[in-house]
Amino acid sequence: MSRITDDLCATACYVSAHYALERARKRLRLSDDSAEVEEINELIPALEEMDKRQVARAQRRNTMQTFTTEDVEAGNIGVCLACGAETYGVEPDAREYTCEACGAKKVYGLEEALVMGKINIEIEEEEE
Ligand SMILES: [Zn+2]
């Protein structure tokens, strides 16, 4: 791998693919080195693919509901993964219960939802 490929791949992984794409395109406009241009053109589809995945992941993270560790430990809260409604009196490992709010069979106990990576847990800051 040449330096430019190395550089763009590192940017895509550690900063963002979106930024790497911007840099790649700018480089294409400025470069008069045909080997480099060819190399960047070959790299762009991979960067675009990565960008799509990174955007999708960020969107998932943003739409995921956040609960506290106390909510999970309470052991009786469920969440509907379709509409977001919270339900009480649901076992921690419940799966596919019918949601009273939207009717979807998508109510999961918080523990189960957490294991599935469907909710965020807010870490409470320790008070001094
Ligand atoms: Zn629902």
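What you are looking at is a predicted structure, and each value in this text was computed from that prediction instead of being measured.

Conventions adopted
Residues numbered from 1 in each chain as written. Predicted model: local features only at pLDDT ≥ 70, side-chain atom pairs only at ≥ 80, totals over all residues. Buried ≥ 20, exposed ≤ 12 C-beta atoms within 10 Å, placed from the backbone. Helix = DSSP H or I, 4+ residues; strand = E, 2+ residues; numbered from the N terminus. Pairing = 2+ DSSP bridges. Domains from an automatic or database assignment.

A.B. asks: Got a minute to help me understand the pairing of strand 2 (residues 77-80) in this structure?
C.D. replies: Side-chain positions along a regular strand alternate between the two faces of the sheet. Residue alternation in strand 2 divides its side chains into two sets, Ile77 and Val79 and Gly78 and Cys80, and both sets are buried. Across three bridges, strand 2 lies against strand 3 (residues 86-88) in antiparallel orientation. Note that in strand 3 the partner of Ile77 across the bridge is Tyr88. For strand 2 and strand 4 (residues 107-109), the ladder comprises three bridges, and the chain directions are antiparallel. By the bridge assignment for strand 4, Gly78 is matched with Gly109.

A.B. asks: What is the right way to read the domain arrangement of the protein from this model?
C.D. replies: By a frequent convention, interface size equals the accessible area lost on bringing the separate parts together. Considered domain by domain, the protein is made up of domain 1 (3-62) and domain 2 (65-122). Using only C-alpha atoms to locate each centre, domain 1 and domain 2 end up separated by 38 Å.

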